Amino acid sequence: DRTIDLAVISGDGIGPEVVAQGLKVLTAVLPQDVKLETHEYDLGAKRWHATGETLTDAELEKLKSHHALLLGAIGDPGVPSGVLERGLLLKLRFAFDHFVNLRPSKLFPNTSSPLAGRPEIDFVVVREGTEGPYVGNGGTIRKGTPHEVANEVSVNTAYGVERVVRDAYARAQARPRKKLTLVHKNNVLVHAGHLWKDTFDRVGREFPEVSTDYLHVDAATIFLVTDPARFDVIVTDNLFGDIITDLAAAVSGGIGLAASGNINPTREFPSMFEPVHGSAPDIAGSGKADPTATVLSVALLLRHLGFEAEAARVDEAVTVDLAERGEAPRTTDEIGDALAARAAG
Ligand code: IPM
Ligand code: MN
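No experiment lies behind these values; they were computed from the predicted model shown.

Peer 1: Got a minute to help me understand the site of ligand 1 in this structure?
Peer 2: Around ligand 1 lies a shell formed by E85, L89, L90, D242 and V276. A per-element tally of the shell around ligand 1 places helix 4 (residues 83-95) first, with 3 residues. Of the residues belonging to the shell around ligand 1, the class tally is 3 nonpolar, no polar and 2 charged.

Here it is in C-alpha cells:
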C-alpha cells in the first residue's frame, strides 16, 4: 500500500475551514490503495498568542519528514506585522528551499473577474521563492531620527536565478504554447536585472522551442489587465512575483480561486501548498469562505506527488462546479461537498 504522509498547518481564521474542504476532496479523489495520513501542526497566530512561539527548531525538523505540507492561512490582526510572515511562512519557504513559488492563473467560468468574457487567461507565474528583497538582508541606522536610513537589500545569486529560470523554461517547454516571459525592471535595477536577463538569455539557448519575451514589471501590470492572454509562463523575482500574482488573481477570478505551490523541485525537502489568500478573520466561522483556492492547491499537491490523473479530476471538478454555480450562495462546506463528489467521479 502507498501512503501520503501530509503535514497540515490549518492556521487561523478561515484556514481550518478551507483546509477541511481541501482534505475532503483529497480523500475523495485518491485511489483506493493510497492511504492518507495527516499530522496537524498547531502553528500560527493562536499558537503565538498562547506561547510566543512561531516555529521551533524541533518542529521544523519534524516537518521535514513529511511528503508535503498543506497550509490554510495564518495570522490575525493582533499579531504585529512581520512576526508570523518572517517567523513561520518565510522561514518554511527558506528552510525547505522552496525556490519555485508556482502560481497558476486561469479564467474560470462565472467568476467575478473584471475581465470575464475576455479571451482565455491561462498562464502560470514562476515566482522565485528564496531570494530577492525577502531574505531580510538590510538594516536601519539612526533609527527614529530625521536622518534614518533603512536599507533592504535584494539578494540575487547566479545559482538562485539560474535554477528558477531553468525550471520556468522546462515548464514552458511542457506547455502547448511554449512561451516564457521574464518580468523584471532591468532599466533601473541594473545589477540584479542584468543577472536575470543574462541568465534568461543564456539558459534559453538550451530551449530553442520556447519563445521568449521580456517585460519591465510596470509594463507587465498593464498587459496583465489589457491583454492577459499573451502570457503563458512568467518567471520573475520574489517581490515582483508577489505583486503580480495578486493582480493576476484579481483579473482571473478573485483571490478566492488563487492557488499556490511552494516547491522544492529537487525534492530534498517537502513542498508546501497553500491558497494565496489570507486568514480573513472578518468572515471566519461564518461559512462564507470559498474553499476553492485550497482545493486547487490540493490539485497542485497531487500533481507534485505524481497523481496527475487525480489532479486533473480536481481541476475539472472546480471548472464544472464554477460553470454550474447558481445565484444562491453556498457555504464553505457545501462547496467542499460538491467538489469532493465531482472529483471522486
Ligand atoms: C504571499 C504572501 C506572503 C508573501 C506574505 C504573507 C509573507 O503575501 O504568499 O503572497 O509576501 O510572499
Ligand atoms: Mn502575496
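Peer 1: How should I be thinking about unusual backbone geometry in this particular structure?
Peer 2: What is expected of a backbone is that most residues other than glycine have negative phi and most peptide bonds are trans. Despite not being glycine, D97 shows a phi value in the positive range, around 50°. Examined against the element boundaries, D97 turns out to sit in the loop between helix 4 and strand 4 (100-106). Positive phi, close to 55°, is recorded for R142, a residue that is not glycine. As for its position among the elements, R142 is in the loop between strand 6 (132-141) and strand 7 (149-155). What makes R142 exposed here is the crowd of 10 C-beta atoms within 10 Å.

Peer 1: Even after reading the chapter, I still don't get helix 1 (residues 15-29), so can you show me in this structure?
Peer 2: Residues three or four positions apart in an α-helix share a direction because the helix packs 3.6 residues into each turn. Compared with an ideal rise of 1.5 Å per residue, which puts 15 residues at 21 Å, helix 1 spans 21 Å between its outermost C-alpha atoms and is within 8% of the ideal. The buried fraction of helix 1 amounts to 13 of the 15 residues, a majority that puts the element mostly inside the structure.

Peer 1: I tried to follow the UniProt feature "binding site: Mg(2+)" (unreviewed entry) in the chain on my own but got confused; where do I start?
Peer 2: Here, UniProt's "binding site: Mg(2+)" (unreviewed entry) annotation points to D218, D242 and D246. The named residues occupy 29 residues along the chain; their greatest pairwise C-alpha distance, 14.2 Å, places them in one compact cluster. Locating D242 in the fold gives a position in helix 8 (residues 238-251). Structurally, D246 is set in helix 8.

Peer 1: Would you explain the domain arrangement of the chain in this entry?
Peer 2: Accessible area lost when the parts come together is the quantity often used to give the size of an interface. If you check the domain split of the chain, you get domain 1 (1-99 + 258-345) and domain 2 (113-252). When each unit is reduced to the centre of its C-alpha atoms, the spacing between domain 1 and domain 2 is 24 Å. It is helix 4 that contributes the most residues to the side of domain 1 that touches domain 2, 4 residues altogether. Classifying every residue of the side of domain 1 that touches domain 2 gives 6 nonpolar, 2 polar and 3 charged.

Peer 1: Just checking my understanding: could you explain the nonpolar core for this structure?
Peer 2: Side chains of a nonpolar character, in soluble globular proteins, are inclined to be buried together. Of all hydrophobic cores here, the largest spans 89 residues; its most connected members are V25, V126 and V314. Top element by residues in this core is helix 9 (residues 292-304). It accounts for 8 residues. Two domains each put at least three residues into this core: domain 1 (1-99 + 258-345) and domain 2 (113-252).

Peer 1: How should I be thinking about the pairing of strand 8 (residues 179-184) in this particular structure?
Peer 2: Both faces of the sheet carry side chains from a regular strand, because those side chains alternate between them. Among the 6 residues in strand 8, 5 count as buried, and that is most of the element. Judged from the 6 bridges that link them, strand 8 and strand 9 (residues 211-216) form a sheet pairing that is parallel. If you follow H184 over to strand 9, its bridge partner there is H216. Note on the crossover from strand 8 through helix 6 (residues 190-204) to strand 9: the handedness is right-handed. Pairing between strand 8 and strand 10 (residues 233-236): 4 bridges, direction parallel. Across the sheet, V183 pairs through a bridge with T236, a residue of strand 10.

Peer 1: Would you mind going over the environment of R177 with me for this structure?
Peer 2: As for its position among the elements, R177 is in the loop between helix 5 (158-173) and strand 8. Overall, the presence of 14 C-beta atoms within 10 Å leaves R177 in the partly exposed class. A sequence separation of 56 residues divides R177 from V233, and the C-alpha atoms of the two residues are 9.2 Å apart.

Peer 1: I keep staring at the UniProt feature "site: Important for catalysis" (unreviewed entry) in the chain and nothing clicks. Help me out?
Peer 2: With numbering matched to this structure, UniProt assigns "site: Important for catalysis" (unreviewed entry) to Y134 and K185. Positionally, Y134 belongs in strand 6. Excluding its chain neighbours within four sequence positions, the residues that come into contact with Y134 are L90, N238 and L239. Its location among the elements puts K185 in the loop between strand 8 and helix 6. For K185, a count of 19 C-beta atoms within 10 Å gives the class partly exposed. Once you skip the residues sitting within four places of it in the chain, K185 turns out to touch G193, H216 and V217.

Peer 1: Honestly, the pairing of strand 5 (residues 122-128) in this entry has me stumped. Any pointers?
Peer 2: Burial analysis of strand 5 places 6 of its 7 residues in the buried class, the great majority of the element. Direction of pairing for strand 4 relative to strand 5: antiparallel, over a ladder of 7 bridges. From the neighbouring strand, R103 faces strand 5, where its bridge partner is V125. Strand direction decides the pairing type here: strand 5 and strand 10, joined by 4 bridges, are parallel. Residue pairing in the sheet places R127 in a bridge with T236 of strand 10.

Analysis parameters
Residues numbered from 1 in each chain as written. Chains lettered and ligands numbered in written order. Predicted model: local features only at pLDDT ≥ 70, side-chain atom pairs only at ≥ 80, totals over all residues. Near = placed C-beta within 6 Å. Helix = DSSP H or I, 4+ residues; strand = E, 2+ residues; numbered from the N terminus. Nonpolar A, V, L, I, M, F, W, Y, C, P; charged D, E, K, R; others polar. Buried ≥ 20, exposed ≤ 12 C-beta atoms within 10 Å, placed from the backbone. Expected span 1.5 Å × (residues − 1). UniProt positions renumbered as here; feature names shortened; annotations may be inferred. Domains from an automatic or database assignment. Core = buried A, V, L, I, M, F, W, Y, C linked by C-beta atoms within 7 Å. Pairing = 2+ DSSP bridges. Right-handed = clockwise from strand over helix to strand, strands pointing away. Contact = placed C-beta atoms within 7 Å.

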